[in-house]
Amino acid sequence: MAIQTLDKEVVIIGSGPAGLTAAIYSARANLKPLLIDAPVDAHKQTAPGGQLMITTDVENYPGFSEGIQGPDLMVEFRKQAERFGTDFLEEWITEVDLSERPFILRTENYIINAQTLIIATGASAKWLGIPGEAKVPDGFGGHGVSACATCDGPLPAFRNKTLVVVGGELTLENADLTWSEAAKFYEAPFQMKSNGGTLVIDDFGRQRVAPQDLLNRWIVPLERRVDYLALHTGKKIEVPFEQLVVFSTNLDEKDLADQAFLRRMGYRARVEPPTARAYTEIFKRQAYNRGIQCDEPALNHVLNKYRIEHRQMKGCEPRDLLDRITDICLFDGHSLALSPEVIDVAWRNYFGASHSFAPVATQETMIERTLADPLEL
Ligand SMILES: Cc1cc2nc3c(=O)[nH]c(=O)nc-3n(C[C@H](O)[C@H](O)[C@H](O)COP(=O)(O)OP(=O)(O)OC[C@H]3O[C@@H](n4cnc5c(N)ncnc54)[C@H](O)[C@@H]3O)c2cc1C
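Structural notes, computed from the coordinates. Since the structure is predicted, the reported quantities are computational estimates derived from the model, not experimental observations.

Conventions adopted
Residues numbered from 1 in each chain as written. Predicted model: local features only at pLDDT ≥ 70, side-chain atom pairs only at ≥ 80, totals over all residues. Heavy atoms only, no water. Salt bridge = Lys/Arg side-chain N within 4 Å of Asp/Glu carboxyl O. Helix = DSSP H or I, 4+ residues; strand = E, 2+ residues; numbered from the N terminus. Buried < 20%, exposed > 50% of the residue type's maximum accessible area, 1.4 Å probe, protein only. Near = heavy atom within 4 Å. Polar contact = N/O pair within 3.5 Å; in protein donor to acceptor, adjacent residues only side chain to side chain. Areas by Shrake-Rupley, 256 points an atom, 1.4 Å probe, with all protein chains shown as cover. Nonpolar A, V, L, I, M, F, W, Y, C, P; charged D, E, K, R; others polar. Pairing = 2+ DSSP bridges.

This part takes up the pattern of salt bridges. Scanning all chains against the criterion turns up 13 salt bridges. Here Arg78 ties to Glu82 by a salt bridge, and the two come within 3.4 Å at their closest N and O atoms. Pair noted here: Arg78 and Glu82 are both in helix α2 (residues 70-83), with a separation of four residues, about one helical turn. The exposure class assigned to Arg78 is partly exposed, which follows from its relative accessible area of 29%. Residue Glu281 is joined to Arg285 by a salt bridge in which the shortest nitrogen-to-oxygen separation is 3.1 Å. On the criterion of helical spacing, the pair formed by Glu281 and Arg285 is a turn pair, its members being four residues apart in helix α8 (residues 276-289).

So this is what it looks like as structure tokens:
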């Protein structure tokens, strides 16, 4: 199609509520507006009518005492703008030149000269791109998952329900009451939310709050068995702090807390890495669970690799290595078996490139010399 040129008194970009409102006013003033909006594009999430086209209940628009569906509302807006003589064009405005009048707007098929330009291009939500955001039945879009908390928060589906805001990481503020002006209630700290259950703080030391700060926050409640939470008015309330606290960390305790805190912790137990004997037992059981036969030469091969690399054994490693061994056998179409070759591939794959993907001569030499009693490593 050849590029067409249009000359217009008033051009409005965007047919959402703002654009259509501008169209109603300028059309009623006899300015014969041209309203331009991008065509439907599922990927870019555009539709003539704007964001309310992807909305269900709209409850806050005056004049609809029972609420109205978003697309129905936009149909009414559009009819009203049409009634006074608005022209519509479905095109993406790709370029505007506002340096002089008339302003020049370009689309794929048109050049539009506009004496007056009203830009009402609105916004679009930044979705996370995860499957649950899709509309029902594929996801929970419109049924709990929304991109507009202030629009959807007061809907019946959410009324009188606890509002849980996801995202972010553990901060010291989460250990206290947080007041939401919008929701008009306090969100309990995580230790209270887990009341009667279990609170697991994973990745201790990798949260935004430093471990020392979190432990310092709890030192007094741990001792007194009560905590004090601050209301937004400044008033403090006393709440029970009856917890059984178990810290399990591989961080050095000296870097975590001082002696005063450690005394309040009660019992402390250090769990050492497994001995070769314990490691062997774990490996055998993991292999048995997977239906993999675990003979002495295969075990010697694994244990010898630890010795060659002076590598500390860890209790999780038999499971992880056997997971890889299983995947490799399935991928190659072999029956599940612990051959030295498969163990070597799984080992390199698990422990990574830092230990060189290419077999090193000295390693091979040492692998040959398997220990007489690998359990005595
Ligand atoms: C899921 C959802 C639920 C909502 N629920 C409510 C509610 O219940 N109550 C409430 O008050 N608000 C609600 N909102 C917010 C409300 O939809 C927006 O505030 C309102 O749509 C903004 O209107 P607007 O005209 O400024 O822009 P939009 O509605 O965003 O319209 C802008 C239009 O401009 C077009 N456009 C943009 N760039 C170009 C271009 N270059 N060329 C051509 N066209 C272009 C777009 O395609 C779009 O159609 C909700 C929003 C969403 C997403």
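Turning to the site of the ligand, a few remarks are in order. In the region of the ligand, 27 residues are neighbours, and Ala18, Asp37, Gln51, Asn60 and Ile93 sit closest. Between the ligand and the protein, one listed contact pairs an oxygen atom with a backbone N or O atom of Ala18 at 2.8 Å. Asn60 places a side-chain nitrogen or oxygen 2.9 Å from a nitrogen atom of the ligand. When isolated, the ligand has an accessible area of 1,000 Å², and the protein chains bury 81% of it. Secondary-structure elements contributing two or more residues to the shell around the ligand are α1 (17-28) and β3 (57-58). When its residues are assigned to classes, the shell around the ligand shows 13 nonpolar, eleven polar and three charged.

Examined bridge by bridge, strand β11 (residues 226-230) and strand β12 (residues 236-240) share five bridges and lie antiparallel to one another. Within the sheet, the bridge partner assigned to Val226 lies in β12 and is Pro240. Following β11, the chain reverses through five residues before pairing antiparallel with β12; Gly234 in that reversal takes a positive phi of roughly 105°.

Geometric values such as these leave the question of function open.
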